[in-house]
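If you want the building blocks of each chain, they are given just below.
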Amino acid sequence: MASTSCKDNFMERIAYLGLGTMGSGMAANLLKAGYSLTVWNRSPEAGKALVEKGATQAETPAQAVQDADVIFYCLANDQVVEEVVFGQNGILSNVRLGQIAIDQSTVHPSTSQRQAAAYAEKQVEFLDAPVFGSKNESAAGGLWIVVGGKRAVFDRVQPMLNAMSESVHYMGDTGKGASMKLVGNSIVATQIEALGEALVLATKAGLNPKDVLDVLHRVDFRSPLFDGMGQTLIDRDFTPSFALKHLLKDANLIARFAQDLNAPTPAAVAVRETIKAAVNQGWGEENASAFIKMLELEADVTIAP
C-alpha cells in the first residue's frame with residue numbers, strides 16, 4: 001500500500017457510503033490514514049466497527065455528505081447507485097459547491113456519465129474510480145484503482161486513493177474508469193472459465209490437479225488468479241471473497257457495454273451463460289469460482305487430487 005497522510009496537501013473531511021465487503025475495508029484504510037470520516041450504510045450495524053475506531057455514523061446519505069469535502073461510495077449495482085445518489089435524502093439532495101464525489105462501484109459507464117452531469121449542475125466534481133481486488137485486498141489497502149474524470153480532480157484526491165490501494169491508474173475522462181473495470185472483469189471471468197475448463201479436462205484425463213497447478217504456476221501462462229483460485233477449487237472452498245451473484249451482475253454489464261459499442265465478445269458471452277446456469281443452481285452467494293461447479297456437473301467429475 002502506498003503511504004499517505006492527511007497532512008499531505010490539506011486536511012480533508014471524508015464521507016464513505018456503502019460498507020459492504022469492499023467499502024468497509026476502504027473506509028477503514030481512510031480512517032487509518034488519519035482522515036476525518038463519516039460513514040453511512042443501509043444496515044447501520046455495518047458501521048459499528050468504524051465508529052468504535054473514531055468514525056461518525058450518519059442516518060441518511062444526505063446527512064453523511066453535508067460536512068464532507070470528499071464523498072466516496074461503493075454500492076452493489078447501478079440501481080442502488082440510482083437510489084443513493086438521486087433518491088429522497090440521497091447524496092444529490094445535500095451536496096454543495098466545491099465538494100468532490102467519487103463512485104467506486106462497478107457500474108455501466110453511462111451511469112457514471114449521468115452522475116457527472118447531475119453533480120456538475122450542483123458545481124460538484126465527480127470521478128468514477130472502481131477497484132480491482134476482493135475482500136483481502138480491500139482490508140489490506142492493496143486494491144488497484146482505475147479512475148475517470150478531470151485530471152486535476154484526480155491529482156487532488158490521489159493521496160486518499162493511495163491510502164486504500166497498491167496502485168492507482170488515471171484512465172481518462174468521465175466513464176473511462178468504469179469502462180476499464182468492465183474490460184478487466186471480462187478478463188477475470190474468462191480466466192476463471194479457462195482454469196475451470198482446464199482442471200475439468202485434466203481430471204477427466206486422470207491427471208492430479210495439484211500437479212497441473214504446479215505446471216501452471218511455472219510456465220508462460222502462469223497467473224496469480226490461477227494460483228489462488230486453483231487451490232481453493234481443490235480444497236472445495238467457496239467461501240465468498242467476491243460473490244458469484246456479483247460476477248453475474250458484472251457479466252450482464254459487460255454484455256450490455258459490448259452491445260452498446262458493437263464489440264465482438266464471443267468468449268464473454270459463453271462465460272456469462274455458465275455463470276447464469278451456476279446462479280440458477282443456487283450458488284450465487286458462494287465465491288465467484290463456484291461457477292466452475294457447473295462445468296464439473298456437465299463433465300460428471302469433481303476437481304480433487
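All figures in this text were calculated on a predicted structure; none of them were measured in a lab. (Residues numbered from 1 in each chain as written. Predicted model: local features only at pLDDT ≥ 70, side-chain atom pairs only at ≥ 80, totals over all residues. Heavy atoms only, no water.)

Moving on: empty space enclosed by the protein. Counting across every chain of the model gives 2 cavities of 30 Å³ or more. Every residue along the wall of the largest cavity is listed here: S186, A189, T190, A251, I254, A255, T265, A268, V269, V271 and R272. Elements supplying a minimum of two residues to the lining of the largest cavity: α8 (176-204), α11 (244-261) and α12 (266-283). Per-element accounting of the lining of the largest cavity gives the leading share, 4 residues, to α12. Among the residues making up the lining of the largest cavity, the classes are represented as 7 nonpolar, 3 polar and 1 charged. (1 Å grid on protein atoms, 1.4 Å probe; cavity = no way out; pocket = protein on both sides within 12 Å on 5 of 7 lines; lining within 4 Å. Points joined across faces, edges and corners; volume = space filled by probe spheres on them. Helix = DSSP H or I, 4+ residues; strand = E, 2+ residues; numbered from the N terminus. Nonpolar A, V, L, I, M, F, W, Y, C, P; charged D, E, K, R; others polar.)

This part is about the packing of α8 against helix α13 (residues 292-299). Axis separation between α8 and α13 bottoms out at 9 Å; the angle between their running directions is 30 degrees. Relative to α13, the element α8 is oriented roughly parallel. The crossing of α8 and α13 is right-handed. Contacts from I192, E193, G196, E197, V200 and K204 in α8 reach I292, L295, E296 and A299 in α13. Residues that form the contact of α8 with α13 fall into these classes: 5 nonpolar, 1 polar and 4 charged. (Axes fitted to C-alpha atoms, helices over the stretch in contact; angles between N-to-C directions. Parallel < 35°, antiparallel > 145°, perpendicular 65-115°, else oblique. Left-handed = near helix turned anticlockwise from the far one by under 90°. Contact = heavy atoms within 4.5 Å.)

A separate point is the side chain of D78. Within the secondary structure, D78 is located in helix α4 (residues 78-86). Buried charge without a partner: D78 forms no salt bridge, and the closest opposite charge is R256, 4.7 Å away. A polar contact of 3.1 Å, which involves the side chain of D78, links it to the backbone nitrogen of H108. With near-sequence residues (within four places) excluded, D78 lies in contact with T106, V107, H108, T111 and L253. (Buried < 20%, exposed > 50% of the residue type's maximum accessible area, 1.4 Å probe, protein only. Lys, Arg positive; Asp, Glu negative; His and termini not counted. Salt bridge = Lys/Arg side-chain N within 4 Å of Asp/Glu carboxyl O. Polar contact = N/O pair within 3.5 Å; in protein donor to acceptor, adjacent residues only side chain to side chain.)

Here the focus is the packing of aromatic side chains. How two aromatic rings sit relative to each other is given by the distance of their centres and the angle of their planes. A full pass over the atoms with the stated rule returns 3 aromatic pairs. Both rings, one in F154 and one in Y170, keep their centres 5.2 Å apart while their planes meet at 35 degrees; by these two values the pair is tilted. Residue F154 is located in helix α7 (residues 151-163), and its partner Y170 is located in strand β9 (residues 165-172); the two are separated by 16 residues in the primary sequence. Given a relative accessible area of 2%, F154 falls into the buried group. Classification of Y170 by relative accessible area gives partly exposed; the value is 26%. Directly above the ring of F86 sits R114, whose terminal nitrogen or CZ lies 4.0 Å from the centroid. The ring of F238 has K293 sitting right over it, with the charged end atom 4.6 Å from the ring centre. (Phe/Tyr/Trp six-rings, centres within 6.5 Å; stacked < 30°, edge-to-face > 60°. Lys NZ or Arg CZ within 6 Å of the ring centre and 35° of its normal.)

Turn by turn, an α-helix covers 3.6 residues, leaving residues three or four places apart pointing in a common direction. In a regular helix each residue adds 1.5 Å, so 18 residues correspond to 26 Å; α12 covers 24 Å between its end C-alpha atoms and thus fits that length. All of the buried residues in α12 are A268, V271, T274, I275, A278 and W283. The arc enclosing the buried residues of α12, seen along the axis, measures out at 120 degrees, which places them on a common side. Residues P266 and N280 are exposed on α12 and point more than 90 degrees away from its buried face. On its buried face, α12 sits against α8, α11 and α13. (Expected span 1.5 Å × (residues − 1). Arc of directions from axis to C-beta.)

A few words on the pattern of salt bridges. A full pass over the atoms with the stated rule returns 13 salt bridges. Note that R218 and D214 form a salt bridge whose closest N and O atoms lie 2.9 Å from each other. Of the two residues, R218 and D214 both sit in helix α9 (residues 209-218), 4 residues apart, roughly one turn of that helix. Given a relative accessible area of 38%, D214 falls into the partly exposed group. Between E273 and K276 there is a salt bridge, and its shortest N-O distance comes to 3.0 Å. Of this pair, E273 and K276 both sit in helix α12, separated by 3 residues, roughly a single helical turn. Owing to a relative accessible area of 40%, E273 belongs among the partly exposed residues under this scheme. K276 sits in the partly exposed class, given a relative accessible area of 27%.

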